[in-house]
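Survey of secondary and tertiary structure
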Amino acid sequence: NAGVTQTPKFQVLKTGQSMTLQCAQDMNHEYMSWYRQDPGMGLRLIHYSVGAGITDQGEVPNGYNVSRSTTEDFPLRLLSAAPSQTSVYFCASSPPRPRKDTQYFGPGTRLTVL
Amino acid sequence: GQNIDQPTEMTATEGAIVQINCTYQTSGFNGLFWYQQHAGEAPTFLSYNVLDGLEEKGRFSSFLSRSKGYSYLLLKELQMKDSASYLCAVRGGSTLGRLYFGRGTQLTVWP
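Notes on the structure follow. (Residues numbered from 1 in each chain as written. Chains lettered and ligands numbered in written order. Predicted model: local features only at pLDDT ≥ 70, side-chain atom pairs only at ≥ 80, totals over all residues. Heavy atoms only, no water.)

A word on unusual backbone geometry
Rules: Here a helix means four or more residues in a row that DSSP labels H or I, a strand means two or more in a row labelled E, and each is numbered from the N terminus. Whether a residue is buried, partly exposed or exposed follows from its accessible area with a 1.4 Å probe, protein chains only, as a fraction of its type maximum: under 20%, in between, or over 50%, in that order.
Following Thr7(A), the chain continues to Pro8(A) via a peptide bond in cis, the omega torsion being -5 degrees. Tracing the backbone shows Pro8(A) in the loop between strand E1 (4–7) and strand E2 (10–13). One non-glycine residue with positive phi stands out, namely Asn28(A), at about 60 degrees. Taking relative accessible area as the criterion, Asn28(A) reaches 55% and is therefore assigned exposed. Unusually for a residue other than glycine, Glu77(B) sits at a positive phi of about 45 degrees.

If you want it as structure tokens, here you go:
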């Protein structure tokens, strides 16, 4: 198993550009989520999904869209990038009945918006 | 709402013991997790408590008191490689699987 994979690892955007951060897992996990991490702010939930076709907003959803057409993939779209979206983005997944081994995190995408 | 508090920074010396505290207020509770995160890396799972008491795993132990909304992570025989951020997270609320994270405690271990 590859676990949770994210692409790209690094990305630089100009203000106003759009892009999609990719996330995939091969563990058949139903629950997937996107976090952003900024210095001193911890992990903040952007969007999450409890299964294919179902998504919901987290704490900081503005400026981001998600979709979940398959169990494996959960892409995060930045509609019009802003400097405030400069951050490290982590995707995570967990099994359908969460056990003590909890969420598995991808390696992260480091995004800079100029 | 959900509120999870932990100290911002802590320092300790090699070989010592350090205790990182976490207090929480959440609507619903279904487990408390500790993660370790080294600079530039993803968080990795350390421990899980769902019942009151102490869970021990090698040099790391975690304690939970649900009535007090309190947990701590105890690190023994500190090593330089333990320098990292330690994240407290609570699984709660109405969505199964959702975690609420504290802001993390940056631990620096000095020689």
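Focus on the pattern of salt bridges
Condition: Should a side-chain nitrogen of Lys or Arg be within 4 Å of a carboxyl oxygen of Asp or Glu, the pair is scored as a salt bridge.
Under the defined criterion, the tally for this structure stands at 5 salt bridges over all chains. In this structure, the salt-bridge partner of Arg66(B) is Asp52(B), at a minimum N-O distance of 2.9 Å. Here Arg66(B) is found in the loop between strand E7 (60–65) and strand E8 (70–75), whereas its partner Asp52(B) is found in the loop between strand E5 (44–49) and strand E6 (53–57), with 14 residues between them in sequence. Residue classification places Arg66(B) among the partly exposed positions, given a relative accessible area of 41%. Asp52(B) sits in the partly exposed class, given a relative accessible area of 43%. The structure contains a network of salt bridges with shared partners spanning Arg36(A), Asp38(A) and Arg44(A).

Considering the interface of chain A and chain B
Buried accessible area, meaning the area lost when the parts come together, often serves as the stated size of an interface. Short version of the rule: Residue contacts follow a heavy-atom distance rule, with two residues in contact if any of their heavy atoms lie within 4.5 Å. Buried area is understood as the total, over both parts, of accessible area removed when two parts are fitted together, assessed with a 1.4 Å probe. Polar contacts here mean pairs of N or O atoms no more than 3.5 Å apart (in protein, one a potential hydrogen donor and the other a potential acceptor; neighbouring residues in sequence count only if both atoms are side-chain atoms). Throughout this entry, Asp, Glu, Lys and Arg are counted as charged residues, while Ala, Val, Leu, Ile, Met, Phe, Trp, Tyr, Cys and Pro are counted as nonpolar. The remaining residues, Gly among them, count as polar.
Facing 25 residues of chain A, the contacting portion of chain B comprises 19 residues. Taking both partners together, chain A and chain B bury about 1,700 Å²; carbon and sulfur atoms supply 58% of that area. For the pair chain A and chain B, the interface holds 3 residue pairs in polar contact (both at pLDDT 80 or more). Listed by contribution, the elements that provide at least two residues to the side of chain A that touches chain B are strand E4 (31–38), strand E5 (42–51) and strand E9 (87–94) of chain A. No other element matches E5(A), which puts 5 residues into the side of chain A that touches chain B. Residue composition of the side of chain A that touches chain B, grouped by class: 12 nonpolar, 9 polar and 4 charged.

Description of the pairing of strand E11 (residues 109–113) of chain A
Moving residue by residue along a regular strand, the side chains alternate between the two faces of the sheet. Residues and elements named next belong to chain A. Short version of the rule: A pair of strands counts as paired when DSSP detects no fewer than two bridges linking them.
Here E11 shows a buried face lined by Thr109, Leu111 and Val113 and an unburied face lined by Arg110 and Thr112. The sheet contact formed by E2 and E11 spans 4 bridges and is parallel. Opposite phenylalanine 10, over in E11, you have arginine 110 as the bridge partner. Pairing between E9 and E11: 3 bridges, direction antiparallel. Counted as the bridge partner of serine 87 is leucine 111 from E11.

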